[in-house]
Amino acid sequence: METLVLVNLFHELALKGQNRPLFFKRAKDHVQRALKGTGARLEAKWPMALLFRLPAPAWPEARARLKDTLGVESFARVLRTAADLEALKSALAQILPEERFQSFRITAQRSDKGFPFPSPEVEQVLGAFVKERTGAQVRLKGAEREFRVRILPQAALLELERHPGPGGLPPGVSGKVVALLSGGVDSPVAAYRLMRRGAEVALVHFHPFPLLSGQSREKAKAIAERLVRFQHRITLHLVPFSEVQRQIILEAPKAYRVVLYRRYMLRIAEAIAKEEGALALVTGDSLGQVASQTLENLHVVNQAATLPVFRPLIGFHKEEIKAEALRIGTYPLSILPDEECCTLFAPKHPVTQAQLPVVLEVESRLSTDELIALALKDREVVRYAWPGQKPLPEAQEKAPIMEHGPLHG
(Lines give C-alpha, C1' and ligand atoms only; values in the text may rest on other atoms or scores of the structure.)
Protein backbone atom coordinates (compact mmCIF):
# COMPACT_ATOMS: atom_id res chain seq x y z
CA MET A 1 0.00 0.00 0.00
CA GLU A 2 1.04 3.61 -0.58
CA THR A 3 0.20 6.89 1.09
CA LEU A 4 -0.36 10.32 -0.44
CA VAL A 5 0.97 13.31 1.52
CA LEU A 6 0.03 16.91 0.76
CA VAL A 7 2.57 19.48 1.99
CA ASN A 8 1.40 23.10 2.28
CA LEU A 9 4.14 25.74 2.23
CA PHE A 10 4.21 28.63 4.70
CA HIS A 11 1.87 31.38 3.57
CA GLU A 12 4.52 34.06 4.20
CA LEU A 13 6.25 32.91 1.01
CA ALA A 14 3.30 34.20 -1.00
CA LEU A 15 3.99 37.74 0.26
CA LYS A 16 7.42 37.93 -1.37
CA GLY A 17 7.91 40.17 -4.40
CA GLN A 18 9.93 39.54 -7.53
CA ASN A 19 12.18 37.06 -5.69
CA ARG A 20 9.17 34.85 -4.84
CA PRO A 21 10.27 32.07 -7.29
CA LEU A 22 13.59 31.77 -5.41
CA PHE A 23 11.81 31.36 -2.06
CA PHE A 24 9.44 28.75 -3.49
CA LYS A 25 12.26 26.79 -5.13
CA ARG A 26 14.30 26.75 -1.89
CA ALA A 27 11.25 25.66 0.10
CA LYS A 28 10.35 22.85 -2.29
CA ASP A 29 13.95 21.63 -2.48
CA HIS A 30 14.13 21.66 1.33
CA VAL A 31 10.96 19.56 1.64
CA GLN A 32 12.24 17.04 -0.90
CA ARG A 33 15.55 16.76 0.99
CA ALA A 34 13.62 16.22 4.23
CA LEU A 35 11.85 13.20 2.73
CA LYS A 36 14.97 11.72 1.15
CA GLY A 37 15.37 8.05 2.02
CA THR A 38 11.69 7.50 2.85
CA GLY A 39 10.80 6.34 -0.65
CA ALA A 40 8.76 9.49 -1.28
CA ARG A 41 8.11 10.44 -4.92
CA LEU A 42 6.86 13.85 -6.00
CA GLU A 43 3.47 13.39 -7.69
CA ALA A 44 2.42 16.99 -8.32
CA LYS A 45 3.30 20.55 -7.34
CA TRP A 46 1.50 23.87 -7.17
CA PRO A 47 2.70 27.35 -6.19
CA MET A 48 2.00 26.72 -2.48
CA ALA A 49 1.79 22.92 -2.15
CA LEU A 50 3.48 19.62 -3.02
CA LEU A 51 1.94 16.15 -3.31
CA PHE A 52 4.09 13.10 -2.53
CA ARG A 53 3.48 9.38 -2.80
CA LEU A 54 5.35 7.15 -0.36
CA PRO A 55 5.15 3.59 1.00
CA ALA A 56 2.58 3.36 3.78
CA PRO A 57 5.11 2.05 6.38
CA ALA A 58 7.21 5.20 5.78
CA TRP A 59 4.43 7.57 6.89
CA PRO A 60 5.46 7.75 10.60
CA GLU A 61 9.05 8.68 9.66
CA ALA A 62 7.88 11.17 7.01
CA ARG A 63 5.48 12.72 9.52
CA ALA A 64 8.26 13.17 12.10
CA ARG A 65 10.54 14.80 9.52
CA LEU A 66 7.92 17.16 8.12
CA LYS A 67 7.10 18.44 11.61
CA ASP A 68 10.67 19.80 11.70
CA THR A 69 10.86 21.03 8.10
CA LEU A 70 11.14 24.82 7.95
CA GLY A 71 8.93 26.48 5.37
CA VAL A 72 6.11 23.94 5.89
CA GLU A 73 2.88 25.48 7.19
CA SER A 74 1.03 22.14 7.46
CA PHE A 75 0.88 18.70 5.89
CA ALA A 76 -1.74 15.99 5.62
CA ARG A 77 -2.26 12.39 4.64
CA VAL A 78 -4.85 12.44 1.87
CA LEU A 79 -7.09 10.33 -0.35
CA ARG A 80 -7.23 11.20 -4.05
CA THR A 81 -10.57 10.82 -5.86
CA ALA A 82 -12.13 11.91 -9.13
CA ALA A 83 -13.14 15.58 -9.18
CA ASP A 84 -16.85 15.04 -8.53
CA LEU A 85 -19.08 15.06 -5.48
CA GLU A 86 -20.14 11.42 -5.71
CA ALA A 87 -16.52 10.27 -5.65
CA LEU A 88 -15.91 12.44 -2.58
CA LYS A 89 -18.97 10.96 -0.88
CA SER A 90 -17.62 7.48 -1.57
CA ALA A 91 -14.28 8.43 -0.04
CA LEU A 92 -15.99 9.83 3.04
CA ALA A 93 -18.05 6.67 3.33
CA GLN A 94 -14.79 4.68 3.53
CA ILE A 95 -13.37 6.60 6.47
CA LEU A 96 -16.49 7.56 8.49
CA PRO A 97 -16.89 4.10 10.12
CA GLU A 98 -13.44 4.62 11.72
CA GLU A 99 -14.28 8.11 13.03
CA ARG A 100 -15.98 9.11 16.31
CA PHE A 101 -17.08 12.74 16.72
CA GLN A 102 -20.08 14.74 17.90
CA SER A 103 -19.51 17.83 15.73
CA PHE A 104 -17.77 18.50 12.45
CA ARG A 105 -17.28 20.91 9.58
CA ILE A 106 -16.36 20.59 5.91
CA THR A 107 -13.80 23.03 4.50
CA ALA A 108 -13.54 23.01 0.71
CA GLN A 109 -10.99 24.78 -1.48
CA ARG A 110 -11.75 24.93 -5.20
CA SER A 111 -8.40 25.37 -6.96
CA ASP A 112 -10.02 24.38 -10.26
CA LYS A 113 -12.38 27.25 -11.10
CA GLY A 114 -13.86 25.13 -13.90
CA PHE A 115 -15.43 22.81 -11.32
CA PRO A 116 -19.22 23.32 -11.61
CA PHE A 117 -19.92 23.83 -7.87
CA PRO A 118 -18.52 26.70 -5.76
CA SER A 119 -16.79 25.89 -2.47
CA PRO A 120 -19.82 26.74 -0.22
CA GLU A 121 -22.02 24.37 -2.18
CA VAL A 122 -19.42 21.59 -1.97
CA GLU A 123 -19.34 22.11 1.81
CA GLN A 124 -23.14 21.99 2.06
CA VAL A 125 -23.53 18.82 -0.01
CA LEU A 126 -20.75 16.92 1.74
CA GLY A 127 -21.82 18.25 5.14
CA ALA A 128 -25.34 16.91 4.64
CA PHE A 129 -23.87 13.54 3.64
CA VAL A 130 -21.69 13.30 6.76
CA LYS A 131 -24.52 14.42 9.04
CA GLU A 132 -26.85 11.80 7.57
CA ARG A 133 -24.26 9.04 7.99
CA THR A 134 -23.07 9.94 11.53
CA GLY A 135 -25.78 12.01 13.20
CA ALA A 136 -23.11 14.54 14.20
CA GLN A 137 -23.88 18.26 14.19
CA VAL A 138 -22.31 20.80 11.86
CA ARG A 139 -20.32 23.38 13.80
CA LEU A 140 -18.34 26.01 11.92
CA LYS A 141 -16.39 27.13 15.00
CA GLY A 142 -14.84 24.71 17.44
CA ALA A 143 -15.80 21.56 15.54
CA GLU A 144 -14.46 18.32 16.95
CA ARG A 145 -13.53 17.06 13.47
CA GLU A 146 -12.75 18.99 10.30
CA PHE A 147 -12.78 17.41 6.85
CA ARG A 148 -10.74 19.39 4.33
CA VAL A 149 -11.33 18.94 0.60
CA ARG A 150 -9.26 20.40 -2.22
CA ILE A 151 -10.72 20.40 -5.76
CA LEU A 152 -7.98 20.22 -8.39
CA PRO A 153 -8.11 19.89 -12.18
CA GLN A 154 -9.15 16.28 -12.84
CA ALA A 155 -8.81 15.22 -9.18
CA ALA A 156 -9.89 15.97 -5.61
CA LEU A 157 -8.00 15.44 -2.33
CA LEU A 158 -9.67 14.53 0.97
CA GLU A 159 -7.49 15.01 4.05
CA LEU A 160 -7.42 12.07 6.46
CA GLU A 161 -5.22 13.69 9.10
CA ARG A 162 -3.54 17.10 9.23
CA HIS A 163 -0.45 18.18 11.19
CA PRO A 164 1.10 21.62 11.71
CA GLY A 165 4.58 22.36 10.39
CA PRO A 166 7.02 24.84 11.96
CA GLY A 167 6.39 27.52 9.33
CA GLY A 168 9.17 30.00 8.75
CA LEU A 169 11.48 30.32 5.76
CA PRO A 170 13.68 27.63 4.19
CA PRO A 171 17.38 27.62 5.13
CA GLY A 172 19.75 29.91 3.32
CA VAL A 173 17.34 32.45 1.84
CA SER A 174 18.37 35.04 4.46
CA GLY A 175 22.14 34.66 4.34
CA LYS A 176 24.45 33.10 6.92
CA VAL A 177 25.13 33.74 10.62
CA VAL A 178 27.35 32.27 13.33
CA ALA A 179 25.61 31.37 16.60
CA LEU A 180 27.46 31.06 19.90
CA LEU A 181 26.33 27.77 21.46
CA SER A 182 26.71 27.53 25.22
CA GLY A 183 25.68 24.56 27.32
CA GLY A 184 22.47 26.24 28.45
CA VAL A 185 18.84 26.30 27.38
CA ASP A 186 18.86 29.66 25.62
CA SER A 187 21.46 29.55 22.86
CA PRO A 188 20.03 26.55 20.91
CA VAL A 189 16.66 28.32 20.86
CA ALA A 190 18.31 31.51 19.58
CA ALA A 191 20.03 29.53 16.81
CA TYR A 192 16.74 27.88 15.86
CA ARG A 193 14.95 31.23 15.67
CA LEU A 194 17.47 32.46 13.10
CA MET A 195 17.11 29.21 11.16
CA ARG A 196 13.35 29.73 11.14
CA ARG A 197 13.88 33.15 9.55
CA GLY A 198 15.80 31.55 6.69
CA ALA A 199 19.36 32.11 7.91
CA GLU A 200 21.91 29.35 7.51
CA VAL A 201 23.49 28.91 10.95
CA ALA A 202 27.00 27.74 11.84
CA LEU A 203 27.67 27.00 15.53
CA VAL A 204 30.61 27.92 17.77
CA HIS A 205 31.05 26.32 21.19
CA PHE A 206 33.74 27.40 23.68
CA HIS A 207 34.89 24.67 26.05
CA PRO A 208 37.38 24.41 28.95
CA PHE A 209 39.09 21.19 27.79
CA PRO A 210 41.81 20.17 28.64
CA LEU A 211 41.51 22.23 31.85
CA LEU A 212 38.37 20.23 32.62
CA SER A 213 36.74 17.16 31.06
CA GLY A 214 35.34 16.97 27.54
CA GLN A 215 31.76 16.82 28.83
CA SER A 216 30.96 20.27 27.44
CA ARG A 217 32.07 19.30 23.93
CA GLU A 218 29.97 16.14 23.86
CA LYS A 219 26.92 18.07 24.97
CA ALA A 220 27.45 20.66 22.22
CA LYS A 221 27.73 17.85 19.66
CA ALA A 222 24.45 16.35 20.87
CA ILE A 223 22.69 19.72 20.53
CA ALA A 224 24.14 20.20 17.03
CA GLU A 225 22.80 16.76 16.07
CA ARG A 226 19.35 17.89 17.14
CA LEU A 227 19.51 21.28 15.39
CA VAL A 228 20.67 19.75 12.11
CA ARG A 229 17.15 18.34 11.63
CA PHE A 230 15.91 21.85 10.89
CA GLN A 231 18.71 22.91 8.55
CA HIS A 232 19.85 19.47 7.22
CA ARG A 233 23.53 20.48 7.21
CA ILE A 234 25.37 22.28 9.97
CA THR A 235 28.95 23.02 11.04
CA LEU A 236 30.05 23.07 14.69
CA HIS A 237 33.31 24.76 15.71
CA LEU A 238 34.61 23.51 19.08
CA VAL A 239 37.01 26.13 20.41
CA PRO A 240 39.31 25.56 23.44
CA PHE A 241 39.01 28.60 25.67
CA SER A 242 41.03 27.70 28.78
CA GLU A 243 44.20 29.56 27.74
CA VAL A 244 42.21 32.73 27.01
CA GLN A 245 40.57 32.41 30.42
CA ARG A 246 43.90 31.84 32.13
CA GLN A 247 45.33 35.04 30.69
CA ILE A 248 42.21 37.02 31.64
CA ILE A 249 42.32 35.68 35.21
CA LEU A 250 45.95 36.82 35.55
CA GLU A 251 45.18 40.39 34.46
CA ALA A 252 41.53 41.23 35.20
CA PRO A 253 39.68 42.25 38.36
CA LYS A 254 37.54 39.29 39.48
CA ALA A 255 34.26 41.10 38.91
CA TYR A 256 35.13 41.73 35.24
CA ARG A 257 36.11 38.18 34.28
CA VAL A 258 32.83 37.11 32.68
CA VAL A 259 32.46 40.34 30.68
CA LEU A 260 35.99 39.85 29.34
CA TYR A 261 35.33 36.18 28.56
CA ARG A 262 32.34 37.18 26.48
CA ARG A 263 34.22 39.91 24.61
CA TYR A 264 36.89 37.42 23.54
CA MET A 265 34.24 34.90 22.56
CA LEU A 266 32.71 37.46 20.22
CA ARG A 267 36.12 38.24 18.71
CA ILE A 268 36.85 34.56 18.04
CA ALA A 269 33.33 33.94 16.71
CA GLU A 270 33.74 36.92 14.39
CA ALA A 271 36.97 35.46 13.00
CA ILE A 272 35.09 32.21 12.32
CA ALA A 273 32.23 34.18 10.76
CA LYS A 274 34.63 35.69 8.26
CA GLU A 275 35.82 32.19 7.29
CA GLU A 276 32.22 31.01 6.98
CA GLY A 277 31.08 34.01 4.95
CA ALA A 278 28.62 34.94 7.70
CA LEU A 279 27.38 38.50 8.17
CA ALA A 280 26.21 38.45 11.81
CA LEU A 281 26.67 36.77 15.19
CA VAL A 282 23.86 35.30 17.31
CA THR A 283 23.70 34.85 21.10
CA GLY A 284 21.04 33.57 23.49
CA ASP A 285 21.08 36.66 25.74
CA SER A 286 17.87 37.65 27.50
CA LEU A 287 17.90 41.12 29.03
CA GLY A 288 18.46 41.04 32.79
CA GLN A 289 18.35 37.25 33.05
CA VAL A 290 21.82 36.98 34.62
CA ALA A 291 24.45 39.48 35.71
CA SER A 292 26.33 39.39 32.40
CA GLN A 293 23.12 40.27 30.51
CA THR A 294 22.40 43.68 31.98
CA LEU A 295 22.08 46.44 29.40
CA GLU A 296 25.36 48.02 30.54
CA ASN A 297 27.27 44.74 30.26
CA LEU A 298 25.76 43.87 26.89
CA HIS A 299 26.79 47.30 25.63
CA VAL A 300 30.39 46.78 26.75
CA VAL A 301 30.52 43.25 25.32
CA ASN A 302 29.14 44.47 21.98
CA GLN A 303 32.05 46.88 21.53
CA ALA A 304 34.36 43.92 20.89
CA ALA A 305 32.54 42.98 17.67
CA THR A 306 32.37 44.72 14.32
CA LEU A 307 29.64 42.44 12.92
CA PRO A 308 26.02 42.86 14.06
CA VAL A 309 25.14 40.77 17.13
CA PHE A 310 21.59 39.37 16.97
CA ARG A 311 19.83 38.51 20.23
CA PRO A 312 16.48 37.01 19.21
CA LEU A 313 15.56 36.14 22.84
CA ILE A 314 16.33 39.55 24.31
CA GLY A 315 12.73 40.19 25.43
CA PHE A 316 11.85 36.60 26.43
CA HIS A 317 11.58 35.35 29.99
CA LYS A 318 12.92 31.98 31.06
CA GLU A 319 9.65 30.06 30.89
CA GLU A 320 9.01 31.20 27.30
CA ILE A 321 12.50 30.08 26.29
CA LYS A 322 12.06 26.75 28.10
CA ALA A 323 8.75 26.12 26.30
CA GLU A 324 10.42 26.70 22.92
CA ALA A 325 13.37 24.47 23.85
CA LEU A 326 10.94 21.69 24.79
CA ARG A 327 9.08 22.12 21.52
CA ILE A 328 12.20 21.86 19.33
CA GLY A 329 13.71 19.03 21.40
CA THR A 330 16.85 20.71 22.74
CA TYR A 331 15.74 21.13 26.37
CA PRO A 332 16.55 17.56 27.57
CA LEU A 333 20.07 18.00 26.17
CA SER A 334 20.59 21.51 27.52
CA ILE A 335 19.89 20.50 31.12
CA LEU A 336 22.50 17.74 31.11
CA PRO A 337 25.41 18.56 33.47
CA ASP A 338 28.56 20.05 32.01
CA GLU A 339 31.28 22.60 32.71
CA GLU A 340 30.66 25.92 30.98
CA CYS A 341 33.45 28.35 30.24
CA CYS A 342 31.61 31.35 31.63
CA THR A 343 30.99 29.65 34.97
CA LEU A 344 34.58 28.48 35.30
CA PHE A 345 36.36 30.72 37.84
CA ALA A 346 33.32 33.02 37.78
CA PRO A 347 33.35 35.58 40.61
CA LYS A 348 30.82 35.44 43.43
CA HIS A 349 29.80 39.04 42.75
CA PRO A 350 30.24 39.83 39.03
CA VAL A 351 30.03 43.39 37.77
CA THR A 352 26.57 44.40 36.56
CA GLN A 353 27.49 47.85 35.21
CA ALA A 354 30.79 47.28 33.47
CA GLN A 355 32.83 50.32 32.48
CA LEU A 356 34.42 50.21 29.04
CA PRO A 357 37.61 52.11 30.11
CA VAL A 358 38.31 49.45 32.75
CA VAL A 359 37.85 46.66 30.18
CA LEU A 360 40.06 48.37 27.61
CA GLU A 361 42.80 48.94 30.17
CA VAL A 362 42.84 45.24 31.05
CA GLU A 363 42.85 44.22 27.40
CA SER A 364 45.79 46.50 26.69
CA ARG A 365 47.87 44.10 28.81
CA LEU A 366 46.67 41.02 26.91
CA SER A 367 48.05 39.66 23.63
CA THR A 368 44.64 39.65 21.96
CA ASP A 369 45.69 38.66 18.45
CA GLU A 370 47.86 35.80 19.74
CA LEU A 371 45.08 34.47 21.99
CA ILE A 372 42.57 34.49 19.12
CA ALA A 373 45.03 32.75 16.80
CA LEU A 374 45.79 30.12 19.44
CA ALA A 375 42.11 29.36 20.03
CA LEU A 376 41.45 29.06 16.30
CA LYS A 377 44.49 26.85 15.69
CA ASP A 378 43.47 24.26 18.30
CA ARG A 379 39.74 24.07 17.51
CA GLU A 380 37.92 21.05 16.18
CA VAL A 381 35.38 21.40 13.35
CA VAL A 382 32.54 18.86 13.11
CA ARG A 383 30.16 18.79 10.15
CA TYR A 384 26.73 17.18 10.40
CA ALA A 385 24.29 16.14 7.68
CA TRP A 386 20.68 14.89 7.99
CA PRO A 387 18.86 13.00 6.57
CA GLY A 388 21.21 11.45 4.06
CA GLN A 389 22.72 14.77 2.96
CA LYS A 390 26.37 15.33 2.21
CA PRO A 391 28.18 17.44 4.83
CA LEU A 392 29.01 21.02 3.91
CA PRO A 393 32.24 21.46 1.93
CA GLU A 394 35.36 22.10 3.94
CA ALA A 395 36.17 25.66 4.93
CA GLN A 396 39.57 27.13 4.29
CA GLU A 397 40.88 26.70 7.85
CA LYS A 398 43.18 23.82 8.69
CA ALA A 399 41.43 22.73 11.86
CA PRO A 400 40.82 18.97 12.24
CA ILE A 401 37.49 18.05 10.63
CA MET A 402 35.14 15.21 11.50
CA GLU A 403 32.11 14.36 9.38
CA HIS A 404 28.96 12.99 11.00
CA GLY A 405 26.10 11.79 8.87
CA PRO A 406 23.68 10.72 7.82
CA LEU A 407 21.85 10.93 11.13
CA HIS A 408 18.47 9.34 11.67
CA GLY A 409 17.87 9.91 15.38
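## What about the overall build of the protein?
When helices and strands are tallied, the protein shows 13 helices and 15 strands. Dimensions of the protein along its principal axes, counting C-alpha atoms only, are 85 × 40 × 40 Å. The 409 residues of the protein split such that 52% are buried. For the protein, the share of sequence-separated contacts (at least 6 apart) that also reach a separation of at least 24 residues comes to 77%. Surface accessibility of the protein: about 18600 Å² in total, with carbon and sulfur atoms responsible for 53%. Counting 56 positive and 45 negative side-chain charges, the protein places the averaged centre of each group 3 Å from the other.

## Things to note about the pairing of strand 2 (residues 41-46)
By the bridge criterion, five bridges tie strand 2 to strand 3 (residues 49-55) in an arrangement that is antiparallel. By the bridge assignment for strand 3, Arg41 is matched with Arg53. Taking the residues that link successive antiparallel strands as the turn, the strand 2-strand 3 hairpin has two residues.

## Examining the packing of helix 5 (residues 186-196) against helix 10 (residues 318-328)
The contact between helix 5 and helix 10 brings their axes to 9 Å, and the two run at 70°. Classified by the interaxial angle, the pair formed by helix 5 and helix 10 is roughly perpendicular. Crossing geometry of helix 5 relative to helix 10 is assigned as left-handed. Of helix 10, the residues touching helix 5 (which contributes Asp186, Pro188, Val189, Tyr192 and Arg193) are Lys318, Ile321, Glu324, Ala325, Arg327 and Ile328. Class assignment for the residues of the contact of helix 5 with helix 10 results in six nonpolar, no polar and five charged.

## Examining the pairing of strand 4 (residues 72-81)
In the sheet, strand 1 (residues 2-9) pairs with strand 4 via six bridges, with the strands oriented antiparallel. Paired with Val7 across the two strands is Phe75, which belongs to strand 4.

## A short note on the confidence of the model for the protein
Across the protein, the average pLDDT comes to 90, with 90% of residues at or above 70. When the criterion is pLDDT under 50, residues 394-409 qualifies, and its contacts beyond four places in sequence or with other chains add up to 42 contacts.

## A short note on the environment of Leu140
Looking at the secondary structure, you find Leu140 in the loop between strand 6 (137-138) and strand 7 (145-152). We classify Leu140 as exposed; its relative accessible area is 59%.

## Here we look at the packing of aromatic side chains
Applying the stated criterion across every chain yields a total of seven aromatic pairs. Ring centres 5.7 Å apart and planes at 65° place the aromatic pair Phe101 and Phe147 in the edge-to-face group. Placement of Phe101 in the loop between helix 3 (85-95) and strand 5 (103-110) and of Phe147 in strand 7 is noted, with a sequence separation of 46 residues between them. As far as burial versus exposure is concerned, Phe101 and Phe147 are alike and both buried. An angle of 65° between the planes, with centres 5.8 Å apart, marks the rings of Phe115 and Phe117 as edge-to-face. We classify Phe117 as partly exposed; its relative accessible area is 29%. Here the basic side chain of Arg145 rests over the ring of Phe147, its NZ or CZ set 4.2 Å away from the ring centre. Taking the ring centre of Tyr264 as reference, the NZ or CZ of Arg267 above it sits at 4.8 Å.

## What about the sheet that holds strand 2?
The sheet built from eight strands is open, its strands ordered 2-3-1-4-8-7-5-6 with mixed pairing. In this open sheet, the two strands that pair with only one neighbour each are strand 2 and strand 6. Sheet topology places strand 1 next to strand 3; seven bridges connect them, and they run antiparallel. Each bridged residue has a counterpart across the sheet, and for Val7 the counterpart in strand 3 is Leu50. Along the sheet face, helix 2 (residues 59-66) touches strand 1, strand 3, strand 4 and strand 8 (155-164) and points at about 150° away from the line of strand 4. On top of the sheet, helix 4 (residues 119-134) reaches strand 5, strand 6 and strand 7; it is set at about 150° to strand 5, its chief contact.

Criteria and thresholds
Residues numbered from 1 in each chain as written. Predicted model: local features only at pLDDT ≥ 70, side-chain atom pairs only at ≥ 80, totals over all residues. Heavy atoms only, no water. Helix = DSSP H or I, 4+ residues; strand = E, 2+ residues; numbered from the N terminus. Buried < 20%, exposed > 50% of the residue type's maximum accessible area, 1.4 Å probe, protein only. Contact = heavy atoms within 4.5 Å. Areas by Shrake-Rupley, 256 points an atom, 1.4 Å probe, with all protein chains shown as cover. Lys, Arg positive; Asp, Glu negative; His and termini not counted. Charge placed at Lys NZ, Arg CZ, Asp CG, Glu CD. Pairing = 2+ DSSP bridges. Axes fitted to C-alpha atoms, helices over the stretch in contact; angles between N-to-C directions. Parallel < 35°, antiparallel > 145°, perpendicular 65-115°, else oblique. Left-handed = near helix turned anticlockwise from the far one by under 90°. Nonpolar A, V, L, I, M, F, W, Y, C, P; charged D, E, K, R; others polar. pLDDT = per-residue confidence, 0-100. Phe/Tyr/Trp six-rings, centres within 6.5 Å; stacked < 30°, edge-to-face > 60°. Lys NZ or Arg CZ within 6 Å of the ring centre and 35° of its normal.

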